[in-house]
Amino acid sequence: MERTLAWDGAAVVAVDQCALPHERTVLRLTTPDEVIDAIKRLAIRGAPAIGVAGALAVALSAQLSDGDDQAVREDADRIANARPTAVNLSWAVRRVLTKLPGGARAVLDEALAMLEEDEQTNRAMAARAADAVLGLTGRRPLRIMTHCNTGSLATVAIGTALGGIKELAERGLVAEVLAGETRPLLQGARLTAWELTQAGIPFRLCVDSAGPAAIAAGLVDVVMVGADRITANGDVANKVGTYSLAVAAARSGIPFVVVAPESTVDESISDGSQIVIEQRHAEEVTAFGGHQVALPDTPVFNPAFDVTPNDLVTAIVTEQRVWPQRPAGHLAEVARGLYQR
Ligand code: MRU
């Protein structure tokens, strides 16, 4: 299957992102709980992908519930809360639930429409992101820093930031991508490196702490990342490690561009301080590749995401707009401000 997610008539079919890059296997999920489990253990991950998977899980629930709408609503609550930070999940669940009065077929039709829309949205976003980045940068071909995985695997197809990078590469404008490995679950090393290899785009993988240093050393022209939730004022929650890249980009005066669909924008929250940041298991940090590296009872701080304040963001690109566009000279002002602090 080409897409990361599909519906086979009775089940959600998903590329198993825990098995990549060594094996490309697919999961066939026939109950809402199987989908919830896949989302929680990151077999399905990335904000748009978990949104569409959540919508399909509600459709599964509606099919299995035999007209018991209360049971579907209870499942929908559990699905929406499988992971707290990416707003796409609760947004998608709410959207399909509006069709529940029309019956299971209406819920499924809406979920399938979202599956199709995601690919179209990403195609539009990729073109707009490529144009926006070209407008913000001078050097050709570009050296691009990215973080986590924002490609086909994080969506139904194509991707968000990595979709924009693929579009730039198709235009012959990418010299190199620097991909952060993305500790602790290595979405960069396992998934982005795999996608860049498949696409034939030149890249190097680096440890997360090398990213800001590469920017400071002048090795990067633009940072392109995705988002899990963007608040009304333009603050951006994304994979932990994003904030330090934004600080480094501002300090060096290079653009920091966020690429995300409109469904990631949460107008109900005024700023990033109100975003719930998912805290994950200690073992993700104390062990590496199945080997215990720290003592098992070591206390751990393991937030899955961080928040980048809007003044460090040069532009947010969605399928509909480029927002906010900072005035010329903004980057230099930000860099000066950081330098003086
Ligand atoms: O924990 P993950 O792997 O689901 O985190 C994903 C990210 O942080 C991505 O950058 C984000 O969802 C945007 S992907 C299109």
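Conventions adopted
Residues numbered from 1 in each chain as written. Predicted model: local features only at pLDDT ≥ 70, side-chain atom pairs only at ≥ 80, totals over all residues. Axes fitted to C-alpha atoms, helices over the stretch in contact; angles between N-to-C directions. Helix = DSSP H or I, 4+ residues; strand = E, 2+ residues; numbered from the N terminus. Parallel < 35°, antiparallel > 145°, perpendicular 65-115°, else oblique. Left-handed = near helix turned anticlockwise from the far one by under 90°. Contact = placed C-beta atoms within 7 Å. Nonpolar A, V, L, I, M, F, W, Y, C, P; charged D, E, K, R; others polar. UniProt positions renumbered as here; feature names shortened; annotations may be inferred. Pairing = 2+ DSSP bridges.

### Let's talk about the packing of helix H5 (residues 104-136) against helix H6 (residues 161-170)
Look at H5 against H6: their axes get within 8 Å of each other, and the N-to-C directions meet at 65°. The pairing of H5 with H6 is recorded here as roughly perpendicular in orientation. For the pair H5 and H6, the crossing hand works out as right-handed. Judged by residue contacts, Asn122, Met125, Ala126, Ala127, Ala129, Ala130 and Val133 of H5 engage Gly163, Gly164, Lys166, Glu167 and Leu168 from H6. Across the contact of H5 with H6, the residue classes break down as 7 nonpolar, 3 polar and 2 charged.

### Things to note about the UniProt feature "active site" (unreviewed entry) in the protein chain
The residues that UniProt annotates with the feature "active site" (unreviewed entry) are Asp228. Assignment of secondary structure puts Asp228 in the loop between strand E7 (222-225) and strand E8 (229-231). Here Asp228 is in contact with Ala47, Thr85, Ala86, Ala237, Asn238, Thr264 and Phe305, once residues within four sequence places are set aside.

### Overview of the sheet that holds strand E9 (residues 236-239)
Within the open sheet, the 4 strands sit side by side as E11-E8-E9-E14. Their pairing is mixed. At either end of the open sheet lies a strand with only one pairing partner, and these are strand E11 (265-266) and strand E14 (305-308). The sheet strands contacting helix H9 (residues 242-252) are E9 and E14, and the helix crosses E14 at an angle near 30°.

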